[in-house]
Amino acid sequence: MKNSAFSNFKVFAGNSHLELAEEIASIMGKPLGRATVTKFSDGEISVNLWETVRGMDCYIVQSTCDPVNDNLMEILIMIDAMKRASAGRINAVIPYYGYARQDRKAKARDPITAKLVADMLVAAGADRVLTMDLHAAQIQGYFDIPVDHLVGMPILAKYFAEKNMENVVVVSPDHGSVPRARNMAQILNCPIAIVDKRRPEPNKSEIMNIIGDIEGKNCILMDDMIDTAGTITNAANALKDLGALSVNACATHAVLSGPAIERIQSSAIEELVLLNTIPLPEEKKTDKMKVISVAPLFAEAMTRVFTNGSISTLFE
């Protein structure tokens, strides 16, 4: 690490995902930086750094997941604290970037909140953002600072490759996830299929059509996130009804809000593979779920940022 412009690096964390932050810091050979993030009695967030960051390359690990606004304010205030303490460089490590789905004006007078969040991070003093599987890749262009955009697909593809499944087809649950499905299919050396969702009339149930051959195949549904799980469970049930031999599913971000757990449990999905960009409490875990850690990938990426190494080679 002699080629770095900074004398040392430190890893800090907000409250959103301490377990992941500790795992990343451990892999990088550092204890987690001493900081406390608490609330005053009126709900305002209080940040205290208990060690020097002057001239340091600082990493703040914080997913902006539920409670989204609290976690977002925590990282903004931590960035501001480090800027005012003369940190050498401040890297916002955001495994899950909240508000990413509000990336465009879908109708008149809509906000573009993903851009607003990017502006807030830059205004607070972040010098770089490291994130994973943005809902829309063009969000990188909302920032006027470097953004390193990691992808979770290779981790998921490796898991399924090691299972040595036969007659596999990777299925995109909607048109938006086709590029991800295609990339996974290339690694697994298998074909892809696409679920086409249509609404014949407002307030009518969805009709699921499948583009591609899935009959008698072991299907792997691939998506970037699972929120209420409606899309992926409807797709899984449709695949099974139309002759799929088995249906597994995978996603990077386990948002899992509302009726998601009940829908997953009652669906045709046999195994759901998730990455731990968002903490998964015990009450949301089921026998169908397999969680794989992204800590090794983030630790390697952060090390390469510090040493001015190549991030792109992580995708080869």
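Placed above this text is the structure.
Since the model is a prediction, treat every value here as computed from it, not as a measurement.

**Considering the nonpolar core**
Soluble globular proteins tend to bury their nonpolar side chains together.
Phase 1 of the analysis: Membership of the largest hydrophobic core comes to 42 residues, with the highest contact counts inside it found for I24, M184, F298 and M302.
Phase 2 of the analysis: The element that contributes the greatest number of residues to this core is helix α8 (residues 295-306), accounting for eight residues.
Phase 3 of the analysis: The contact partners of F298, leaving out residues within four places of it in the chain, are I24, V93, P95, L130, T131, M132 and L150.
Phase 4 of the analysis: Of all hydrophobic cores here, the second largest spans 34 residues; its members include I45, I90, A100 and A118.

**Thoughts on helix α1 (residues 18-27)**
Phase 1 of the analysis: Every buried residue of α1 is accounted for by L20, A21, I24 and A25. Angular distribution of buried residues about the axis of α1 spans 130°; they occupy a single face of the element. Of the residues in α1, the exposed ones pointing more than 90 degrees away from the buried face are E19 and S26.
Phase 2 of the analysis: Looking at the buried residues of α1, the elements they touch are β1 (9-13), β4 (57-61) and α8.
Phase 3 of the analysis: Following α1 by one or two positions, G29 has its phi on the positive side, about 80°.

**Focus: α8**
Residues spaced three or four apart along an α-helix face the same direction, because each turn holds 3.6 residues.
Phase 1 of the analysis: The first and last C-alpha atoms of α8 sit 16 Å apart over 12 residues, in line with the 16 Å expected at 1.5 Å per residue.
Phase 2 of the analysis: Counting buried positions along α8 gives nine out of 12 residues, so the element sits mostly inside the fold.
Phase 3 of the analysis: Among the residues of α8, those classed as buried are A295, L297, F298, A299, A301, M302, R304, V305 and F306.
Phase 4 of the analysis: Directly beyond the C-terminal end of α8, a positive phi value near 60° is found at N308.

Procedures and definitions
- Residues numbered from 1 in each chain as written.
- Predicted model: local features only at pLDDT ≥ 70, side-chain atom pairs only at ≥ 80, totals over all residues.
- Heavy atoms only, no water.
- Core = buried A, V, L, I, M, F, W, Y, C linked by side-chain atoms within 4.5 Å.
- Buried < 20%, exposed > 50% of the residue type's maximum accessible area, 1.4 Å probe, protein only.
- Helix = DSSP H or I, 4+ residues; strand = E, 2+ residues; numbered from the N terminus.
- Contact = heavy atoms within 4.5 Å.
- Arc of directions from axis to C-beta.
- Expected span 1.5 Å × (residues − 1).

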